[in-house]
Amino acid sequence: MFSEDQIERYSRHIILKEVGGKGQRKLLDGSVLIIGAGGLGSPAALYLAAAGVGTVGIADADVVAVSNLQRQVIHHTPDLGKPKVESAREKMEAINPDVKVVTYKSWVRADNIAGIIEGYDFVIDGTDNFAAKFLINDACVLAGKPYSHGGILHFIGQTMTVLPGESPCYRCIFPNPPPPGAIPTCAQAGVLGVLPGTIGTIQATEAIKFLLGVGKLLTGRLLMYDAEGMDFYASPIARNRRCPICGENPTITALHDEEGAMNACDLG
Amino acid sequence: MKVTVKLFATFRIGRFGEMTKEYQPGTTVGDVLNELNLPPDEIGATLINHRHVEEDQQLQDGDTLSIFPLVGGG
């Protein structure tokens, strides 16, 4: 049952027929893991906490730097030097004491990611490098874990939701990571500060819809967002029979770290 | 045939944002990528009229080809 405070706090959800008391209970019983407490993870964490998602995990080994503050809105100036996961925990708990925040002050690697994602209903990729993005895809596909991919650079962002075994995965479209150094980092190319707010909020929307079982997920479509031209491209995509992890003859059957990748947006 | 090519983010630097030009029938997406000297390692999504296509896809008169770099930031 809800407390009087909860009925008031979640009243705008509860009066939505697509959510209602049952839906709000699903959110409170639900769990979402956010990997990366940066540009994408910040809005996702804030909205999931506000929505009353019962357990929010957040993984990041970094500390807050002044160059983060232009876009990583969960971190504030007094948090400089603080571990990002602690900074994020404080804001989430301040927004909503109903939320249990679980922190992982580490980078995800092949030898720890399976244990971190285990037990969560949904995963949000808010990382800033290709090695982590491919590892998260592989771990989620092998574990059958639904997740939201997100990426940003310059004025563009992309996102897609993956239901392993049902919808295309990241490797169906992008089979292998680019060679190290091929893609300019956000530190080199820059990134519009508000851009990850849009993409991270879409990722949080997907997590909430998944927990509620409401609506149509961003599966089978790659959403590209061009903030400069203010255009959205939701391109249909299909599963790739030659996908190295979810295709007919997968060559990836165990997790491995993609060597040589580096942070793309947290540097400097 | 006339094709509109749209480039995004860093691909615009030293090139253009949007351009409509004549191509020979049979021109593929890969041909346009080569012509624009876009590094293969940096190519992310290539869309014709908002649909994801591979590099061997042939262009048709009136198509809009949108070319995005890979985006790995967060």
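Use the structure listed above.
A few points on the structure.

**Notes on the overall build of chain B**
(1) Moving on: Tallying secondary structure elements over chain B gives 1 helix and 5 strands in all.
(2) Moving on: For chain B, whose C-alpha radius of gyration is 12 Å, the value lies close to the compact-globule estimate of 11 Å for 74 residues.
(3) Moving on: Counting over 74 residues, chain B shows a buried share of 55%.
(4) Moving on: Within chain B, counting contacts between residues at least 6 apart in sequence, those at least 24 apart form 54% of the total.
(5) Moving on: Split by element, the accessible area of chain B, about 3500 Å² in all, is 42% carbon and sulfur.

**Quick look at the environment of B:Gln24**
Residues and elements named next belong to chain B.
(1) Moving on: Within the element layout of this structure, Gln-24 appears in the loop between strand E2 (18-22) and helix H1 (29-35).
(2) Moving on: On the basis of relative accessible area, Gln-24 is assigned to the exposed category, the value being 60%.
(3) Moving on: Residues Gln-24 and His-50, 26 residues apart in the sequence, show an inter-C-alpha distance of 22 Å.

**Overview of the state of the cysteines**
All names here are of chain A.
(1) Moving on: Applying the stated criterion across every chain yields a total of 0 disulfides over all chains.
(2) Moving on: Left without a disulfide partner, Cys-243 is nearest to the cysteine sulfur of Cys-169, which lies 3.6 Å away.
(3) Moving on: Classification of Cys-243 as buried rests on a relative accessible area of 1%.

**As for the packing of helix H4 (residues 41-51) of chain A against helix H5 (residues 84-95) of chain A**
All names here are of chain A.
(1) Moving on: Direction vectors running N to C along H4 and H5 enclose 30°, while the axes themselves pass 8 Å from each other. As far as their axial angle goes, H5 and H4 are roughly parallel. When you trace H4 past H5, the crossing you get is right-handed. Contact residues: Ala-45, Leu-46, Ala-49 and Ala-50 in H4; Lys-91, Met-92 and Ile-95 in H5.

**Examining the interface of chain B and chain A**
It is common to give the size of an interface as the accessible area lost on bringing the parts into contact.
(1) Moving on: Counting residues at the interface gives 21 residues for chain B and 38 residues for chain A.
(2) Moving on: When chain B packs against chain A, the two sides together hide about 2300 Å² of surface, and 67% of this comes from carbon and sulfur.
(3) Moving on: It is B:Leu70, B:Val71 and B:Gly74 that lose the most area in chain B upon contact with chain A, and together they represent 29% of the buried surface on that side.
(4) Moving on: In this structure, the connection of chain B to chain A is made through 2 salt bridges.
(5) Moving on: A:Asp226 is the partner of B:Arg12 in a salt bridge, and the nearest nitrogen-oxygen pair spans 3.8 Å.
(6) Moving on: Where chain B packs against chain A, one counts 8 residue pairs in polar contact (both at pLDDT 80 or more).
(7) Moving on: Residues of the side of chain B that touches chain A, tallied by class, amount to 8 nonpolar, 8 polar and 5 charged.

Analysis parameters
Residues numbered from 1 in each chain as written. Chains lettered and ligands numbered in written order. Predicted model: local features only at pLDDT ≥ 70, side-chain atom pairs only at ≥ 80, totals over all residues. Heavy atoms only, no water. Helix = DSSP H or I, 4+ residues; strand = E, 2+ residues; numbered from the N terminus. Rg over C-alpha atoms; globule rule 2.2 N^0.38 Å. Buried < 20%, exposed > 50% of the residue type's maximum accessible area, 1.4 Å probe, protein only. Contact = heavy atoms within 4.5 Å. Areas by Shrake-Rupley, 256 points an atom, 1.4 Å probe, with all protein chains shown as cover. Disulfide = S-S within 2.5 Å. Axes fitted to C-alpha atoms, helices over the stretch in contact; angles between N-to-C directions. Parallel < 35°, antiparallel > 145°, perpendicular 65-115°, else oblique. Left-handed = near helix turned anticlockwise from the far one by under 90°. Buried area = accessible area lost by both parts, 1.4 Å probe. Salt bridge = Lys/Arg side-chain N within 4 Å of Asp/Glu carboxyl O. Polar contact = N/O pair within 3.5 Å; in protein donor to acceptor, adjacent residues only side chain to side chain. Nonpolar A, V, L, I, M, F, W, Y, C, P; charged D, E, K, R; others polar.

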